[in-house]
Amino acid sequence: MKKIVILTSALFLGVAFMAYLYFSKLGIDNDAKDLALQSATNNAALVFSFRNDKGFYDILEGQQLIQQVLGKDKMSLLKQLKANIIDDNLLNRYLKDQQVYISLLPDSNKTLNFLITLQIQPENDIKKFHEQLKLKRLITENSKELYTVKINDSLQVYLGVHNQVLTVSTSLKLINDANIRLTENPFTEYIKENNRQIKNVLANIYINFNQAPLLLKNIIAGNINGEIALFNQQNSYAVLHYNFSKEKILFNGSTEIKDQHNYLKLFENTAAQNTSIQNILPDNTANYALYAYDDYGKWFRKLNTWQEQTKILSKTNAVIKAVKDNYRTDLSSIFTTYTKNQFILFQLSTGEKLGAVSLSDGEKTKQLLFDVSTDYNEEIKLFKSADILYSYFGEPFKKFARPYYVIIDNNLVVANNASTIQSFLNNYKKNRLLIQTPQYLAAANEISTTSNVSYYINTQNSADIFRHNIQLSFYRHLRADSGLKSFDTFCYQMTADKNKFITNLLLNKYIQPKIPDSLSNR
């Protein structure tokens with residue numbers, strides 16, 4: 001019996017030891033596989049990922065839209081790199097079927113640059129890979145782990161090989177930065193977690209909104225303020241899957257808000273809504289941000305909780321109390337009774353900014369707001385007290401402290417200047433609306449009819465705004481025929497799905513339908 005116990009114990013200990021060795025090795029292998037990802041995500045706001053597979057390159061070759069987004073120079077560079085490395089069978093056998101990461105990173109002199117990262121297959125001898133590199137006529141060894149690849153007479157790129165990771169960029173700074181791998185990087189963990197759930201996807205884009213300020217500082221001609229100030233505190237991530245199309249660039253996926261104090265948290269766990277408030281926008285609308293929820297009363301209670309967490313509830317309560325004391329008007333009963341399920345902030349091509357709130361009964365609301373308003377003219381009014389809309393709708397209305405407003409067709413429309421309201425009315429009454437334009441309708445048909453948060457940019461109407469707010473090199477790419485000029489719509493649409501948002505990202509160009517020859521000859 002004693003021998004049986006000893007043998008059983010020895011067998012158990014042996015199995016336990018083997019399991020320990022196996023899982024320890026598995027952990028080391030997984031850490032090794034993560035090296036390329038760690039390099040790719042270090043300081044990156046945007047990472048494009050795909051498998052190093054011939055089929056993907058064949059598909060991308062026919063995707064002219066992606067080439068327009070990247071621009072001639074960047075696309076030419078990528079093609080040359082593919083020809084010199086991926087199409088070289090002796091080199092590519094070390095990289096075949098590995099994940100390719102293309103990171104977009106801020107570089108020196110107000111520029112953005114690519115960093116391409118691949119993991120060298122672990123079963124291959126890294127020394128032999130170095131030997132193969134040294135044999136190539138267009139590749140020159142600079143140091144033990146650094147090479148240059150001659151693309152043409154005027155351009156060369158750096159190629160780094162460090163700990164089984166290959167990095168490529170025209171910037172030596174980015175190559176050196178990639179060698180400093182962060183062992184604890186939330187963005188890396190986010191990508192790893194989502195990679196386990198992704199099957200049979202052609203390509204992915206991962207977005208780290210925490211790093212957006214670094215990118216924006218190199219793009220915009222000024223400080224990060226106004227509408228884009230939210231990127232200074234946007235603790236969020238997104239994973240978006242590429243849908244191949246020759247007509248549009250469309251990504252689908254999800255956005256996850258990590259910061260519990262983020263304003264967008266107010267729209268989580270909310271049923272998606274059919275929105276219509278965007279139908280009142282003028283045809284010269286440059287951009288808008290649309291928000292929707294199922295019930296204003298419930299949403300307002302969530303807003304109060306958010307205001308308390310962000311330490312502004314006492315201020316907004318003071319605004320509401322002062323209006324009640326001074327004008328005998330209970331704003332809470334008005335807004336909770338007559339506010340519907342959506343509001344919108346929008347900017348015109350002239351740069352003027354407006355906001356609108358959907359109402360269930362515009363005429364009744366107009367009567368109830370009488371004592372807290374003063375007349376500018378028969379239609380346009382002015383709030384007597386400041387921060388009324390900020391108190392009831394939060395951050396998006398912060399810039400409309402004491403706005404002029406008009407209530408028309410069950411919509412409360414506000415702006416900081418009476419002339420802006422008048423311009424809106426002129427367009428609205430003459431039916432000069434964004435919804436009437438074929439470009440907008442074409443884009444709307446490509447995405448969901450329901451959502452909770454939507455960001456929209458009309459690139460044509462935004463041309464002057466871009467010209468005054470972004471660096472010249474980026475503006476030229478936006479307006480170039482070979483660049484983004486032919487794209488008329490950008491949309492980032494979010495639909496609540498418990499604690500994350502199902503997301504559509506669309507970059508669209510309107511293609512005018514061809515008239516059949518039989519009709520054109522009549």
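Conventions we followed
- Counting from 1, residues in each chain are numbered in the order their sequence is written.
- With pLDDT at 70 or above as the cut-off, local features in this predicted model cover only qualifying residues; side-chain atom pairs require 80 or more to be listed or tallied, and sums for whole chains, interfaces and linings still use all residues.
- Computation of side-chain values covers all heavy atoms of the structure but excludes hydrogens and water.
- To qualify as a helix, a DSSP run of H or I must reach at least 4 residues; to qualify as a strand, a run of E must reach at least 2; elements of each kind are numbered from the N terminus.
- Think of it in three bands: with a 1.4 Å probe and only protein chains considered, a residue is buried below 20% of the maximum accessible area for its type, exposed above 50%, and partly exposed in between.
- By the convention used here, residues are in contact when the closest approach between their heavy atoms is within 4.5 Å.
- Classification of ring pairs uses Phe, Tyr and Trp, with its six-membered ring standing for Trp, and accepts pairs whose centres are within 6.5 Å; under 30 degrees between planes counts as stacked, over 60 as edge-to-face, and the remaining range as tilted.
- By definition here, charges over rings are those cases where NZ of Lys or CZ of Arg is within 6 Å of the ring centre and within 35 degrees of the ring normal.
- The term nonpolar core refers to a set of buried residues drawn from Ala, Val, Leu, Ile, Met, Phe, Trp, Tyr and Cys, joined through side-chain atoms within 4.5 Å.
- Whenever Lys or Arg places a side-chain nitrogen within 4 Å of a carboxyl oxygen from Asp or Glu, that contact is recorded as a salt bridge.
- For this quantity, the arc is that covered by the directions from the helix axis to the C-beta atoms.
- For the purposes of these results, a polar contact is taken to be a pair of N or O atoms within 3.5 Å, where, inside protein, one atom must be able to donate a hydrogen and its partner to accept one; residues adjacent in sequence count only when each atom of the pair is a side-chain atom.
- One less than the residue count of a helix, multiplied by 1.5 Å, gives the span that helix is expected to have.
- The pairing criterion for strands is at least two bridges between them, as found by DSSP.
- In predicted models, pLDDT denotes the confidence assigned by the predictor to each residue on a 0 to 100 scale.

Let us look at the overall build of the chain. Tallying secondary structure elements over the chain gives 20 helices and 22 strands in all. Buried residues in the chain amount to 49% of all 522 residues. Intrachain contacts of the chain at a sequence separation of at least 6 include 67% that bridge at least 24 residues.

So, on to the packing of aromatic side chains. What the rule picks out here adds up to 35 aromatic pairs. A ring pair is formed by Tyr-288 and Tyr-456, whose centres lie 4.8 Å apart and whose planes are at 20°; its orientation type is stacked. Of this pair, Tyr-288 sits in strand 12 (residues 285-292) while Tyr-456 sits in strand 20 (residues 453-458), placing them 168 residues apart in sequence. Across the pair, exposure class does not vary: Tyr-288 and Tyr-456 are buried alike. A cation over an aromatic ring shows up here: Lys-74 above the ring of Phe-114, its NZ or CZ 5.3 Å from the ring centre. One cation-aromatic arrangement involves Lys-82 over Tyr-57; the distance from NZ or CZ to the ring centre is 5.4 Å.

What follows covers the nonpolar core. Where a protein is soluble and globular, its nonpolar side chains tend to be buried together. Ranked by internal contacts, the top residues of the largest apolar core, which has 91 residues, are Phe-267, Trp-299, Phe-343 and Phe-393. Ranked by size, the runner-up nonpolar core spans 24 residues in total, among them Ile-277, Ala-292, Val-406 and Leu-434.

Per the counting criterion, the structure on display carries 18 salt bridges. Where Lys-192 meets Glu-189, a salt bridge forms, and the shortest distance between an N and an O atom there is 3.5 Å. Placement of both Lys-192 and Glu-189 in helix 9 (residues 186-195) is noted, with a separation of three residues, approximately one turn of the helix. The class for Lys-192 is partly exposed, based on a relative accessible area of 21%. Between Lys-485 and Asp-481 there is a salt bridge, with its nearest N and O atoms 3.7 Å apart. The exposure class of Lys-485 is partly exposed, given its relative accessible area of 33%.

One non-glycine residue with positive phi stands out, namely Lys-311, at about 65°. Here Lys-311 shows up in the loop between helix 11 (296-309) and helix 12 (313-327). Phi angles above zero are rare outside glycine, and Asn-410 is one such case at about 65°. One can find Asn-410 in the loop between strand 17 (404-408) and strand 18 (411-415).

Our focus in this paragraph is the environment of Lys-150. Positionally, Lys-150 belongs in strand 5 (residues 146-152). Spatially, the C-alpha atoms of Lys-150 and Leu-138 are 5.3 Å apart, while their sequence positions differ by 12 residues. For Lys-150, the contacting residues outside a window of four places in its chain are Asn-84, Leu-138, Leu-155 and Gln-156.

Leu-331, Ile-334, Phe-335 and Tyr-338 are the residues of helix 13 (residues 331-338) that are buried. One side of helix 13 carries all its buried residues, which in axial view fall inside an arc of 95°. Buried residues along helix 13 sit against helix 11, helix 12, strand 13 (339-348), strand 14 (353-359), helix 14 (362-368) and helix 15 (388-393). Here helix 13 starts with a cap whose side-chain oxygen sits 3.2 Å from the backbone nitrogen of Ser-332, and that cap is Asp-330.

Its place among the elements puts Ser-245 in the loop between strand 9 (236-243) and strand 10 (248-257). A residue is classified by how much of its surface remains accessible, and Ser-245, at 9% relative accessible area, is buried. A distance of 3.4 Å separates a polar side-chain atom of Ser-245 from the backbone nitrogen of Lys-248. In this structure Ser-245 touches Gln-63 and Leu-65, once residues within four positions along its chain are discounted.

This part is about helix 16 (residues 418-429). In this model helix 16 runs 16 Å from its N-terminal to its C-terminal C-alpha over 12 residues, within 8% of the 16 Å that 1.5 Å per residue would give. On its buried face, helix 16 is in contact with strand 13, strand 14, strand 17 and strand 18. After helix 16 finishes, the residue Asn-431 shows a positive phi value of roughly 60°.

The pairing of strand 1 (residues 46-51) with strand 8 (residues 203-208) spans five bridges and is antiparallel. Considered in strand 8, the bridge of Phe-48 is made with Ile-205. Bridge count between strand 1 and strand 2 (residues 99-107): six bridges; the pairing is antiparallel. What sits directly across from Arg-51, in strand 2, is Gln-99.

Alignment of strand 4 (residues 139-143) against strand 5, held across four bridges, turns out to be antiparallel. In the strand pairing of strand 5, Glu-141 is matched with Tyr-147. With antiparallel pairing between neighbouring strands as the criterion, strand 4 and strand 5 make up a hairpin whose turn holds two residues.

A word on the confidence of the model for the chain. Put simply, the chain has an average pLDDT of 87, and 90% of its residues get 70 or more. Note that pLDDT drops below 50 for residues 1-32; the model gives that stretch one contact with residues more than four away or on any other chain.

Here the focus is the environment of Asp-497. Locating Asp-497 in the fold gives a position in strand 21 (residues 489-497). Taking the relative accessible area as the measure of exposure, Asp-497 reaches 31% and is therefore partly exposed. Between the C-alpha atoms of Asp-497 and Ala-271, which are 226 residues apart in sequence, the distance is 8.3 Å.

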